[in-house]
Amino acid sequence: MTDLRHPIFARLYPRIAAASAKAGSDAHRAELLAGASGRVLEVGAGHGANFPHYPPEVTEVVAVEPEPRLRRAAMAAAARAPVPVSVRPGRAEDLGLDTASFDVVVASLVLCSVRDPLRALAEIRRVLKPGGELRYYEHVRGSSPRKVRFQRYADLVWPFLSGGCRVARPTDAFIPRVGFTVRDERRFEFPGSGPPNPASPHVLGVAVRD
Ligand SMILES: C[S@@+](CC[C@H](N)C(=O)[O-])C[C@H]1O[C@@H](n2cnc3c(N)ncnc32)[C@H](O)[C@@H]1O
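Residues numbered from 1 in each chain as written. Predicted model: local features only at pLDDT ≥ 70, side-chain atom pairs only at ≥ 80, totals over all residues. Heavy atoms only, no water.

1. Side note on the sheet that holds strand β5 (residues 128-139)
Spatially, β3-β2-β1-β4-β5-β7-β6 is the arrangement adopted by the seven strands of the open sheet, whose pairing is mixed. Edge positions in the sheet fall to β3 (85-88) and β6 (180-189), since each of these pairs with one other strand and no more. The sheet shows a mean angle of 15° between the axes of neighbouring strands, taken without regard to direction. Of the pairings in the sheet, the one linking strand β4 (residues 102-108) to β5 comprises six bridges and is parallel in character. Within β5, the residue paired with V105 across the bridge is L134. Strands in contact with helix α1 (residues 7-33) are β4, β5, β6 and β7 (201-209); relative to β5, the strand with the most contacts, it is inclined by about 170°. Contacting β1 (38-43), β4, β5, β6 and β7, helix α3 (residues 117-127) runs over the sheet at an angle of about 145° to β5. (Pairing = 2+ DSSP bridges. Helix = DSSP H or I, 4+ residues; strand = E, 2+ residues; numbered from the N terminus. Axes fitted to C-alpha atoms, helices over the stretch in contact; angles between N-to-C directions. Contact = heavy atoms within 4.5 Å.)

This is the structure in structure tokens:
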């Protein structure tokens, strides 16, 4: 069964994402996709917040989304996208797509939520052509013991409120473990100010399939 139902989260997420866009995530999404080209797979595309940011050098986007409500919203967003986008059900851990068939895979704010991130990354690697790029924008485990402690407490409830997302997950440490070389990565706090937020440590980067 491919579908993953998170009906309350799916209702709320587009509003959360709109607020986050105003705070700066639109600029992060544009940075994530700048320079992408060829055939692209986006895993866990949500309601399609990245679609407006694909550059014209991208010839096709295949967007996989397991949550039915978000998938319907992504289909509507695909119709308005500047490049051809098709949306289909699927999970990152078992994509059911051909080996070495994509130039780029995009993962934004999704590896925090997949049930098995190492398996998802191995599957992403499988569908990438040799030399292909994983472009990622993820919130990750913090770098201070105090922050990690805060994140571990938050993870007692956070996954129930956020569609299974875990804030203490060290996604950035997993990427080089499964056959990728990190080419560029920057780490930053987002939002950079305001009340303490367990999901504030972010990475934005490009890793190349070995
Ligand atoms: C926080 S949302 C991010 C959506 C979108 N990528 C974005 O940048 O706005 C997390 C997304 O991951 C999806 N997701 C959860 N588990 C997944 C899995 N195993 N495979 C693929 N996507 C998954 C959710 O349905 C949801 O759309």
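Next comes the rest of the description.
2. Describing the nonpolar core
Core analysis: the biggest nonpolar cluster contains 27 residues, and L41, V43, V105, L111, I124, L134 and F180 have the highest contact counts within it. Put simply, the parts of the chain that give this core at least two residues each are β1, β2 (58-64), β4, α3, β5 and β7. Top element by residues in this core is α3. It accounts for four residues. Residues contacting L111, with those up to four places away along its chain left out, are P117, A120, L121, I124, E138, R169 and T171. If you look at the next biggest cluster of nonpolar residues, it comprises 23 residues, including A36, V83, V87 and V104. (Core = buried A, V, L, I, M, F, W, Y, C linked by side-chain atoms within 4.5 Å. Buried < 20%, exposed > 50% of the residue type's maximum accessible area, 1.4 Å probe, protein only.)

3. With respect to the layout of surface pockets
Taken as a whole, the largest pocket holds about 1,100 Å³ of empty space. Along the wall of the largest pocket there are 48 residues; nearest its centre are F9, Y13, L109, S113 and S162. Where the lining of the largest pocket is concerned, the elements lending two or more residues are α1, β1, β5 and α5 (158-161). When residues in the lining of the largest pocket are grouped by element, the largest group, eight residues, is from α1. A per-class count over the lining of the largest pocket returns 25 nonpolar, 15 polar and eight charged. (1 Å grid on protein atoms, 1.4 Å probe; cavity = no way out; pocket = protein on both sides within 12 Å on 5 of 7 lines; lining within 4 Å. Points joined across faces, edges and corners; volume = space filled by probe spheres on them. Nonpolar A, V, L, I, M, F, W, Y, C, P; charged D, E, K, R; others polar.)

4. Some details on the UniProt feature "domain: Methyltransferase type" (unreviewed entry) in the protein
The residues that UniProt annotates with the feature "domain: Methyltransferase type" (unreviewed entry) are residues 41-134. Annotated as residues 41-134, this span is 24% helix and 30% strand, and its ends, taken at the C-alpha atoms, are 10 Å apart. (UniProt positions renumbered as here; feature names shortened; annotations may be inferred.)

5. Section: the pairing of β1
A regular strand places its side chains so that they alternate between the two faces of the sheet. In terms of burial, β1 is a largely internal element, five of the six residues being buried. Pairing between β1 and β2: six bridges, direction parallel. By the bridge assignment, L41 is partnered in β2 with V62. Relative to β4, β1 is paired through four bridges, and the arrangement is parallel. Paired with V43 across the bridge in β4 is A107.

6. Focus: the side chain of H202
Residue position: H202 is located in strand β7. Residue classification places H202 among the buried positions, given a relative accessible area of 4%. Within the structure, the side chain of H202 is placed 2.8 Å from the backbone oxygen of S200, a separation counted as a polar contact. When residues no more than four places from it in sequence are discounted, the contact partners of H202 are L109, Y137, E138, H139, V140, R186, R187, F188 and F190. (Polar contact = N/O pair within 3.5 Å; in protein donor to acceptor, adjacent residues only side chain to side chain.)

7. A few points about the site of the ligand
Taken together, 19 residues sit near the ligand, with Y13, R29, G44, E65 and S108 positioned nearest. Contacts to the ligand include E65, whose side-chain N or O atom sits 2.6 Å from an oxygen atom. Measuring from a nitrogen atom of the ligand, one finds a backbone N or O atom of A92 at 2.8 Å. When isolated, the ligand has an accessible area of 590 Å², and the protein chains bury 96% of it. Sorting elements by how many residues they give to the shell around the ligand places α1 first, with three residues. (Near = heavy atom within 4 Å. Areas by Shrake-Rupley, 256 points an atom, 1.4 Å probe, with all protein chains shown as cover.)

8. Regarding the pattern of salt bridges
Going through the model one piece at a time under the given rule, you end up with nine salt bridges. Where R39 meets E60, a salt bridge forms, and the shortest distance between an N and an O atom there is 2.9 Å. Taken together, the positions of R39 in strand β1 and E60 in strand β2 put the pair 21 residues apart, joining distant regions of the chain. The exposure class assigned to R39 is partly exposed, which follows from its relative accessible area of 27%. Here E60 falls in the partly exposed class, since its relative accessible area comes to 30%. R183 is the partner of E133 in a salt bridge, and the nearest nitrogen-oxygen pair spans 3.0 Å. Taken together, the residues span a long stretch of sequence, with E133 in strand β5 and R183 in strand β6 at a distance of 50 residues. Via salt bridges that share partners, D3, R5 and R71 belong to a single interconnected network. (Salt bridge = Lys/Arg side-chain N within 4 Å of Asp/Glu carboxyl O.)

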